[in-house]
Amino acid sequence: MQTFEYSELFFVSGMSTMFYGLMAVLFWIKGGRLGKLTSILMATLCLEYVKDFFILRNPDTAVLYTNSINASIDTIVVPMYIFILIELIKPGRLTVKSMLISEIPFAALISMYIATRFDIFYNLLIILSAVSGTFFLIWSAFTIPKYHKQLKEEFSYTENINLNWLRVIIYTFYCILALWTTSSFFENPDFDAMYISGSLVMWIVLDYFIYKHKSVLNELNTDTHTVIQEQTLSAEKNSELKDKIENLFTKDKIFLNPQLKITDIADKVGTNRTYVSQFFNQQNSSTFFDYVNSYRIEYACKLLSGTNENITVISEKSGFSNIQSFYRVFSRIKGMTPAAYRNSLN
């Protein structure tokens, strides 16, 4: 009876073990801060499911450990989820010291519970996990828009660097956290199987987006000392910078580069990217993203009116990396689709 009751749990646990193990290797090979953090989390989850297998396969230990010591040990990954979230939204802000400090309360409560078996430590551990998840859910809701605003000051594109996908993942993760919190207080293999299956599906989607996500660490870091120096430039230097930037767009048509970043402009005009960003935000009253894409759309309008080329081809020729971005930006600026714009000319 015990074997049958846990058969479904064994199956989903086995699938999860293989998936997390594979992802740990894949993300380690991918490299980068985000890749390494994800690899460590995947490896930890894999080891936890291996541990669960050896506990659940023994009916005598399964009853004792499934919802107490076993669940308490699993909470060690909660800060790891948060580390990945922070690295996505605030790249480069995490340090080894801050990560170790974040793990200390969890490690301490786990150790005290295993040593004493006092329920107070177990309850505190579950509460700490739930509070941490809730806090960073709220934090991310306020921080992601700021991150996207900063992207528009540094990049002319948002593909594979924006975090719109993360909103759904965060809410899904919070639901799974709530499911795990509930399962930690109730012995029910079917309930545990639901939690494990939900986590697996979430991580399949999440790993896909994390793997595609490109690092923006270098572009989003700023040098305060350089900013102060550049702010002292004269009005003559400001005018010279404006002329150089306008030449890059009107004569060199630098906006046709689909991967154009503000650092590329800074290199071309011989100054630092922070000052160039300030030029667009303050002098030009526009973000870098909006400024570049306004040129791209005007160029696309000329192609739409002067040629019979396919809209997808025009999108590529105008500096857009994909047709979805072209439609989205075109509709926002012109108030209509590219096809409607072409028809209006006829």
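To start, this report covers the structure provided alongside it. (Residues numbered from 1 in each chain as written. Predicted model: local features only at pLDDT ≥ 70, side-chain atom pairs only at ≥ 80, totals over all residues. Heavy atoms only, no water.)

Quick word on the layout of surface pockets
Unoccupied space between atoms shows up once a probe the size of one water molecule is rolled over them. Heads up, the condition is: The method works on a 1 Å grid over the protein atoms by themselves. A cavity is a set of points holding a 1.4 Å probe that cannot get out, a pocket is an open set with protein on both sides within 12 Å along at least five of seven lines, and residues with an atom within 4 Å of a point line them. Grid points are joined across faces, edges and corners, and a volume is the space filled by probe spheres set on the points. The secondary structure listing takes helices from DSSP runs of H or I that are at least 4 residues long and strands from runs of E that are at least 2 residues long, numbered from the N terminus. Residues are sorted three ways: Asp, Glu, Lys and Arg are charged, Ala, Val, Leu, Ile, Met, Phe, Trp, Tyr, Cys and Pro are nonpolar, and all the rest, Gly among them, are polar.
Volume-wise, the largest pocket comes out at about 460 Å³. If you trace the largest pocket, you find 18 residues lining it, with Thr158, Glu159, Asn162, Asn164 and Arg328 closest to the centre. Elements supplying a minimum of two residues to the lining of the largest pocket: α7 (119–154), α8 (164–183), α9 (189–212) and α17 (323–334). When grouped by side-chain class, the residues that make up the lining of the largest pocket number 4 nonpolar, 9 polar and 5 charged.

Digging into the environment of valine 50
Condition: Burial classes: relative accessible area under 20% of the type maximum marks a residue as buried, over 50% as exposed, and values in between as partly exposed (1.4 Å probe, protein chains only).
Inspection of the secondary structure assignment puts valine 50 in helix α2 (residues 32–56). With relative accessibility at 30%, the residue valine 50 sits in the partly exposed group. Between the C-alpha atom of valine 50 and that of glycine 14, which follows or precedes it by 36 residues, the distance is 8.4 Å.

Remarks on helix α5 (residues 78–89)
Residues spaced three or four apart along an α-helix face the same direction, because each turn holds 3.6 residues. Using the following cut-off: By this rule the span expected of a helix is its residue count minus one, scaled by 1.5 Å.
With 12 residues, α5 extends 17 Å between its outermost C-alpha atoms, agreeing within 8% with the 16 Å of an ideal straight helix rising 1.5 Å per residue. Across the 12 residues of α5, 12 count as buried, placing the element largely inside the fold. Of the residues making up α5, those classed as buried are Val78, Pro79, Met80, Tyr81, Ile82, Phe83, Ile84, Leu85, Ile86, Glu87, Leu88 and Ile89.

Some remarks on α17
Note the following rule: Summarising the geometry, the arc corresponds to the directions from the helix axis toward the C-beta atoms. The contact criterion used throughout is that any non-hydrogen atoms of two residues lie within 4.5 Å.
Taking 1.5 Å per residue as the helical rise, α17 with its 12 residues ought to reach 16 Å, and the 16 Å between its terminal C-alpha atoms agrees with that figure. Taken as a whole, α17 has its buried residues at Ser325, Phe326, Val329 and Phe330. Seen from one end, α17 has its buried residues packed into an arc of 120 degrees, which puts them on one side. Those residues of α17 hidden inside the fold are in contact with α15 (288–306), α16 (311–317) and α18 (338–345). Once α17 finishes, glycine 335 follows within two positions and takes phi at roughly 75 degrees, a positive value.

As for the packing of aromatic side chains
This is how the line gets drawn: Any pair of Phe, Tyr and Trp rings, taking the six-membered ring for Trp, is counted once the centres come within 6.5 Å. Such a pair is stacked with planes under 30 degrees apart, edge-to-face with planes over 60 apart, and tilted for the rest. We count a charge as sitting over a ring when the NZ of a lysine or the CZ of an arginine lies within 6 Å of the ring centre and within 35 degrees of the ring normal.
Going through the model one piece at a time under the given rule, you end up with 21 aromatic pairs. Measuring from centroid to centroid gives 4.9 Å for phenylalanine 249 and tyrosine 291, while their planes differ by 90 degrees, and the two rings are edge-to-face. With phenylalanine 249 in helix α12 (residues 235–250) and tyrosine 291 in helix α15, this pair connects stretches of sequence that are 42 residues apart. On the accessibility criterion, phenylalanine 249 (1% relative accessible area) is buried. Residue class for tyrosine 291 comes out buried when judged on its relative accessible area of 9%. An aromatic cluster of at least three residues, connected via ring pairs, comprises Phe249, Phe255, Tyr291, Tyr295 and Tyr299. Lying across the ring of tryptophan 28, lysine 36 places its NZ or CZ 3.6 Å from the centre. The side chain of arginine 296 reaches across the aromatic face of phenylalanine 320, ending 5.7 Å from its centre.

A short note on empty space enclosed by the protein
Under the counting rule described, the total for this entry stands at 3 cavities of 30 Å³ or more. Residue lining of the second largest cavity: 16 residues in total, with Tyr81, Leu85, Ile169, Ile170 and Phe173 positioned closest to the centre. Elements supplying a minimum of two residues to the lining of the second largest cavity: α5, α7, α8 and α9. Residues belonging to the lining of the second largest cavity are distributed by class as follows: 15 nonpolar, 1 polar and no charged.

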